[in-house]
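Descriptive structure summary
The primary structure of each chain is shown beneath.
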Amino acid sequence: MDISEMEILEGNLSDLKNVYLRLLTDFAANELKDYEHLESLLRKEKYKLLFAKTKEEIIGYALIYEIEHLPVLWLDYMAIDKRFQNVGFGSCFFNKIIQSKQDGLIGMFIEVEIPEEDEGTRGQQIRRINFYERLRARRLSIPYKLPTIDGGFPMYLYFRPSSNIHRLPKEQIQAAIAEVFDYIHSDIVDRDDIFGEFSTFIEDVYFD
């Protein structure tokens, strides 16, 4: 199967039920949003469901948010079918998402699980980190927390810069996270308090 023939298709509300069944197996429970909340996000213009498709079939999916006030993407979820993992399809899909928005794009934020001590999940979590780092994503040195109904859940926050970006000002990082919290996590009442727990630690980031 030729990776170069893979293309991106945009999904819609009718596709969400099948994708949500995949989300339940591909991601930890504390990272998942309620189905109804995802449905309400997809009804809005800036939150999108994307599919990775070969000539024969759909092999992966992603849910992204196009930040309104900055030329930045936020990768909410991305997964490739296990049959097509570790052969380049995930990297191709990731790069095609960025290339599809390349005009003036600064880059893309990515939330990544912090590896746990449990050997059952640690290996997969480290592989996910290595995957994004191979794609030139850089971990930001802030104690980021994902808003959940149980409070802030610690995660790594990565940023993959476009090739011409050498500095990401803290004001842009703060603005991007604040918008994402208000838009994607509008169902979490304490999201502002959670943001306040780490926002003062945000600094400028420089890329080689």
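Here's a quick rundown of the structure. Please read these numbers as outputs of a predicted model, since none were measured by experiment.

Here we look at the packing of aromatic side chains
- Across all of its chains, the model carries 16 aromatic pairs by this definition.
- Taken together, a centroid distance of 5.5 Å and an interplanar angle of 85° make the contact between Tyr20 and Tyr35 edge-to-face. With Tyr20 in helix α1 (residues 16–26) and Tyr35 in helix α2 (residues 35–42), the pair connects residues that are 15 residues apart, well separated along the chain.
- A relative accessible area of 13% places Tyr20 in the buried class.
- Site record: aromatic cluster; members linked through ring pairs are Trp74, Phe109, Tyr144, Phe159, Phe181, Phe195, Phe198 and Phe207.
- Seen from the ring of Tyr183, Lys44 lies directly overhead, with NZ or CZ sitting 5.0 Å from the centre.
- Sitting above the plane of the Tyr156 ring, Arg139 keeps its charged end 4.0 Å from the centroid.

Some words on the sheet that holds strand β9 (residues 156–161)
- In spatial order, the strands read β1-β2-β3-β4-β5-β9-β6; together these seven strands make up an open sheet with mixed pairing. Lying at the two open borders of the sheet, with one neighbouring strand each, are β1 (7–10) and β6 (138–139).
- The sheet contact formed by strand β4 (residues 72–80) and strand β5 (residues 107–112) spans four bridges and is parallel. Bridge assignment links Leu73 to a residue of β5, and that residue is Met108.
- In the packing of α1 onto the sheet, the strands contacted are β2 (47–53), β3 (58–66) and β4, and the crossing angle to β3 comes to about 90°.

Rules used in this analysis
Residues numbered from 1 in each chain as written. Predicted model: local features only at pLDDT ≥ 70, side-chain atom pairs only at ≥ 80, totals over all residues. Heavy atoms only, no water. Phe/Tyr/Trp six-rings, centres within 6.5 Å; stacked < 30°, edge-to-face > 60°. Helix = DSSP H or I, 4+ residues; strand = E, 2+ residues; numbered from the N terminus. Buried < 20%, exposed > 50% of the residue type's maximum accessible area, 1.4 Å probe, protein only. Lys NZ or Arg CZ within 6 Å of the ring centre and 35° of its normal. Pairing = 2+ DSSP bridges. Contact = heavy atoms within 4.5 Å. Axes fitted to C-alpha atoms, helices over the stretch in contact; angles between N-to-C directions.

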